[in-house]
Amino acid sequence: AGAIGQAALVVDALYEVPYLAHAPMEPLNCTAHVQADRVEIWMGTQAPDNALRIAAQLAGVKPEQVEVHTCFLGGGFGRRSANDEMRQAVQVSKAIGKPVKLIWTREEDIRHDRYRPQAAIRFKAGLGPDGMPTGIEVRTAVGSIFRSLGISKVESGVEPSAVEGLANMPYRIASQTVDCVLKNTHVPVMFWRSVGSSQNAFAVESFIDELAHAAKQDPLQFRRKLLAGHPDFLQVLDVLEHKGGWGQPLPAGKGRGIAIHEAFGSIVGEIAEVAVSDRGEVRVERVVAAVDCGHTINPRTVEMQIESGVIYGLTAALSGEITIKDGRVEQGNFETYPMVRMADAPRIEVHL
């Protein structure tokens, strides 16, 4: 507070994000065969060990009497770690004494999801005479994923996913404080792709842009100064600047944006080339990504992950929103919860 109070210029901003559905292309499904002394499960799951334990409990058998056949999952993004569809299939199979193949409709999939939490994140920062930040204050209010899953105690006292990307910002700012308020309603929330980083990276990088604008500095060069002492981040910025053509002229009505973030040990930077029409319509035409994920065994797998992240990230930014009215989710299918389609997809380049 002292650093901000003595600053030459103070900048503040509030960012809000809505609930988001996972919307995997393959809706939740499971095949279950419950017998007196044996249970077989066929499903795509992100947590087969947890599925086995739950199936044994629901069927009333020992864990060694359960076999889970782990199939390809058609998109998980965190949704397929709860095994909700399996709980239903096991109980139905047990009740009727026959194998059951259960497929959720798209409407069931979207209206009975465990959503990316709604969040509001407030920033306040002070800039010195040189335009660089001297102090930053961050406060987030976000739904607790752990509480929603029935986990009431977190060892550190702070839920890691709520503050990831905020409490570990790489930017060199002498005075920092991060404050977290956990809020929960009857709406279930869950891990969504990059979890807390999915909203926190958006908020942090948007605010860094606001600071660069207030300091009248280039957004990429402003980040470079703040990342001094982090050669890994700086190398990602170097590749991004070169491959993304940062600073090269663009036609009227077009611009570039930049962001860089670390999540789960990988540093990812992206440049987006964006066109805005006379009517204010936004179209992202090209995305260039630079990725430092450590040792890479299969580069194409990493590229596919980034490409998918860009498509779902654009969906979240441009159209994604789950709203609740009279206790019910209003969206049900892709006409009310639209995804970025091929005609709207940007050219994506990934550099490792």
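Before any of the text, the structure's been laid out above.
If you're wondering where the values come from, they're calculated on a predicted model, not measured in any experiment.

Moving on to the sheet that holds strand β7 (residues 133–142). Spatially, the four strands line up as an open sheet ordered β1-β6-β7-β8, and their pairing is mixed. If you trace the sheet from one side to the other, it starts and ends with β1 (9–17) and β8 (175–182), each paired once. Averaged over all neighbouring strand pairs, the angle between strand axes comes to 10°, with direction disregarded. For β7 and β8, the ladder comprises eight bridges, and the chain directions are parallel. Across the sheet, glycine 135 pairs through a bridge with serine 175, a residue of β8.

Time to look at the packing of helix α7 (residues 196–214) against helix α8 (residues 219–226). At their nearest, the axes of α7 and α8 sit 9 Å apart, and the two run at 105° to each other. In this view, α7 runs roughly perpendicular relative to α8, as classed from their interaxial angle. Two secondary-structure elements touch here, α7 through Glu205, Ile208, Asp209, Leu211 and Ala212 and α8 through Pro219, Phe222, Arg223 and Leu226.

We now examine unusual backbone geometry. The backbone of phenylalanine 77 shows a phi angle near 60°, a positive value even though the residue is not glycine. For phenylalanine 77, a relative accessible area of 18% gives the class buried. Phi at lysine 216 takes a positive value of approximately 55°, unusual for a residue other than glycine. With respect to the helices and strands, the residue lysine 216 is situated in the loop between α7 and α8. Taking relative accessible area as the criterion, lysine 216 reaches 77% and is therefore assigned exposed.

Now for the pairing of strand β3 (residues 39–43). Burial analysis of β3 places four of its five residues in the buried class, the great majority of the element. Pairing between strand β2 (residues 29–34) and β3: four bridges, direction antiparallel. Its bridge partner lying in β3, alanine 32 is registered against isoleucine 41. Here β2 folds back onto β3 in antiparallel fashion, the turn holding four residues. Note that β3 and strand β4 (residues 66–70) share five bridges and pair parallel.

Time to look at the sheet that holds β2. Spatial strand order, β4-β3-β2-β5: four strands in an open sheet with mixed pairing. The sheet terminates laterally at β4 and β5 (100–103), the two strands that pair on one side only. Adjacent strand axes in the sheet meet at a mean angle of 15°, parallel and antiparallel pairs treated alike. As judged from the four bridges shared by β2 and β5, these two strands associate in the antiparallel manner. The residue of β5 that forms the bridge with cysteine 30 is leucine 102. Against the sheet, helix α3 (residues 84–96) makes contact with β2, β3 and β5, and its axis sits at roughly 35° relative to β2, the strand it touches most.

Looking now at the environment of aspartate 292. In this structure, aspartate 292 sits in strand β11 (residues 282–292). Taking the C-alpha atoms as reference points, aspartate 292 and glycine 131, 161 residues apart in sequence, are found 29 Å from one another. With residues near it in sequence (within four places) discarded, aspartate 292 still touches Asp232, Val236, Gly265, Ser266 and Ile267. For aspartate 292, the side chain forms a polar contact with the main-chain nitrogen of glycine 294, separated by 3.2 Å.

Rules used in this analysis
- Residues numbered from 1 in each chain as written.
- Predicted model: local features only at pLDDT ≥ 70, side-chain atom pairs only at ≥ 80, totals over all residues.
- Heavy atoms only, no water.
- Pairing = 2+ DSSP bridges.
- Helix = DSSP H or I, 4+ residues; strand = E, 2+ residues; numbered from the N terminus.
- Axes fitted to C-alpha atoms, helices over the stretch in contact; angles between N-to-C directions.
- Parallel < 35°, antiparallel > 145°, perpendicular 65-115°, else oblique.
- Contact = heavy atoms within 4.5 Å.
- Buried < 20%, exposed > 50% of the residue type's maximum accessible area, 1.4 Å probe, protein only.
- Polar contact = N/O pair within 3.5 Å; in protein donor to acceptor, adjacent residues only side chain to side chain.

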